[in-house]
Amino acid sequence: MEKIRMTTPLVEMDGDEMTRVLWKQIKDELLLPYIDLKTEYYDLGLPEREKTGDQVTVDSAEATKKYGVAVKCATITPNAQRVEEYKLSQMWKSPNGTIRAILDGTVFRAPIMVKGISPVVKTWKKPITIARHAYGDVYKGTEYRVPGPGKAELVFTAADGTEQFRQTVYDFECGGVLQGQYNKDSSIRSFARSCFQYAIDTKQDLWFATKDTISKQYDHTFKDIFQEIFDAEYKAQFDALGIEYFYTLIDDAVARVIRSQGGFIWACKNYDGDVMSDMVSTAFGSLAMMTSVLVSPDGKYEYEAAHGTVTRHYYKYLKGEETSTNPVATLFAWTGALRKRGELDGIAELSAFADKLEAATIATIESGVMTKDLVGLWEGETPAKGVNSLEFLRAIRARLEA
């Protein structure tokens, strides 16, 4: 069989630990036999980020701006324990955060639903897509460990050097912690437009939630910008499609989501989206059963798994023990990127291959063959058979070829 040819390379961002192992297995078993794969490779594994002073992460994001489509493996965001384990010179920032900031994109995450695995929330009948703002907030925050008594102030000095704002944050009577966060009107506007356009493209209602009753400047700015852009640019299109833009407080949104049937986009600020996407994906079945795509305002796409590097399984793998790590989210990152590359380059065969590979993956699970994380969730008529990661990928390959 002649391999499917590509004309433009994907930006390939390799990662860490168990997902790095799965990354190679997916390529070897399910991609390279069928596609003349063209990629521009960047190693975002923690040792290479340390070696390059994290420049490799910046380079990969710039390559994404150049070529338009990237696929990314899960990576480690080091904490103090990781700094010691990997002998790092510093606690490098989240690669995802760096890439999101450079692309100024919005992350859309949605569960992969299969027959036989029901959501924990029994009212959910359709996928819930989380739209996560991908800039600023705590991910670009400035932090300080307060050593003892003293006054912490928030100061803004204008470009001309004049001090325009000064306010006491807190008069510390003892040690503590201090954090400053920021966001930009331009990024919030990009976030809003990405969400409204994605809702139109997918013909789904859009929900947005902040805590503007408490954060009367920071969160309220998000609310105001969303409403301004919706009224001026998108309301007529929403009305024509019969879809709704709905704003509420974040705590009310959580309560409403739990009672809903799903089938909408839930737009969240950066931290809220980080947390809620894990909640939604777990409630639908597994963190490894969730798609994730970063979309920039100018139409650049970066597909990734929505979970971490599965460290516990990696330590078992290093000991030579068998692991049953779910590769579906990583596999769907590849299929999402290949489909988009096919669409942009006019290669119908490439997009069709991505569709078939996804269908084969879902059909394999629905036949009762799955990784062990899904066995306990299985409600299908066929008995569940838990297999290791490589066996699962080879079962998908057999079904794909059939």
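All of the points below concern the structure found in this document. Because the structure is predicted, anything quoted here is derived from the model rather than measured. (Residues numbered from 1 in each chain as written. Predicted model: local features only at pLDDT ≥ 70, side-chain atom pairs only at ≥ 80, totals over all residues. Heavy atoms only, no water.)

Looking now at the overall build of the chain. A count of helical and extended segments in the chain gives 14 helices and 18 strands. Against the 2.2 N^0.38 benchmark of 21 Å for 402 residues, the chain shows a C-alpha radius of gyration of 22 Å, consistent with a compact globule. Taking the principal axes of its C-alpha atoms as reference, the chain extends roughly 70 × 55 × 45 Å. For the chain, the proportion of its 402 residues judged to be buried stands at 51%. Sequence separation of at least 24 residues holds for 76% of the intrachain contacts in the chain that already meet a minimum separation of 6. Across the chain, 49 positive and 57 negative side-chain charges occur, with their mean positions spaced 3 Å apart. (Helix = DSSP H or I, 4+ residues; strand = E, 2+ residues; numbered from the N terminus. Rg over C-alpha atoms; globule rule 2.2 N^0.38 Å. Buried < 20%, exposed > 50% of the residue type's maximum accessible area, 1.4 Å probe, protein only. Contact = heavy atoms within 4.5 Å. Lys, Arg positive; Asp, Glu negative; His and termini not counted. Charge placed at Lys NZ, Arg CZ, Asp CG, Glu CD.)

Moving on: the pairing of strand E10 (residues 163–172). In this structure, strand E9 (residues 150–157) lies alongside E10, joined through eight bridges in antiparallel fashion. Bridge pairing in E10 links Thr157 to Glu163. (Pairing = 2+ DSSP bridges.)

Turning our eyes to something else, we now look at the pattern of salt bridges. Going through the model one piece at a time under the given rule, you end up with 29 salt bridges. The partner of Glu343 in a salt bridge is Lys340, with the nearest N and O atoms 3.0 Å apart. Taken as a pair, Glu343 and Lys340 lie in helix H11 (residues 328–345) at a separation of three residues, close to a single helical turn. A salt bridge links Arg397 to Glu401; the nearest nitrogen and oxygen atoms lie 3.4 Å apart. In this pair, Arg397 and Glu401 are both assigned in helix H14 (residues 389–401), four residues apart and thus about one turn of the helix distant. With a relative accessible area of 52%, Glu401 lands in the exposed category. Look at the salt bridges and you will find they share partners, linking Glu29, Arg394, Arg397 and Glu401 into a network. (Salt bridge = Lys/Arg side-chain N within 4 Å of Asp/Glu carboxyl O.)

All right, on to the sheet that holds strand E2 (residues 10–14) then. Spatially, 10 strands are ordered E4-E2-E5-E16-E15-E6-E7-E14-E12-E13 in an open sheet, and the strand pairing comes out mixed. One side of each edge strand has no neighbouring strand; the edge strands of this open sheet are strand E4 (39–43) and strand E13 (245–249). Averaged over all adjacent pairs, the angle separating strand axes in this sheet is 20°, with direction ignored. The pairing of strand E12 (residues 205–210) with strand E14 (residues 264–268) spans four bridges and is parallel. Its bridge partner being in E14, Leu206 is matched across the sheet by Ile265. This element, helix H8 (residues 250–259), spans E12, E13 and E14 of the sheet and lies at about 115° to E13. Across the sheet, helix H9 (residues 270–284) is in contact with strand E6 (106–111), strand E7 (129–133), E14 and strand E15 (290–295); its angle to E7 comes to roughly 160°. (Axes fitted to C-alpha atoms, helices over the stretch in contact; angles between N-to-C directions.)

Looking now at the side chain of Glu304. You can see Glu304 is positioned in strand E16 (residues 301–305). Within the structure, the side chain of Glu304 is placed 3.4 Å from the side chain of Asn96, a separation counted as a polar contact. Those residues in contact with Glu304 that sit more than four places away from it in its chain are Lys72, Asn96, Arg100, Arg109, Ser292, Ala329 and Ala333. (Polar contact = N/O pair within 3.5 Å; in protein donor to acceptor, adjacent residues only side chain to side chain.)

This brings us to the nonpolar core. Judged by nonpolar contacts, the single largest core of 66 residues is most densely connected at Ile35, Phe196, Leu206, Phe238, Tyr245, Leu338 and Ile365. One finds Ala253, Val257, Met276 and Met290 within the second-largest nonpolar core, a separate group that totals 19 residues. (Core = buried A, V, L, I, M, F, W, Y, C linked by side-chain atoms within 4.5 Å.)

Let us now look at H9. Between its first and last C-alpha, H9 extends 21 Å over 15 residues, near the 21 Å set by a 1.5 Å rise per residue. All buried positions along H9 are accounted for by Asn270, Gly273, Met276, Ser277, Val280, Ser281, Ala283 and Phe284. Where H9 is buried, its residues touch E6, E7, H8, E14 and E15. Once H9 ends, the next one or two residues include Gly285, with phi positive near 155°. (Expected span 1.5 Å × (residues − 1).)

The analysis is restricted to geometry; functional conclusions fall outside its scope.
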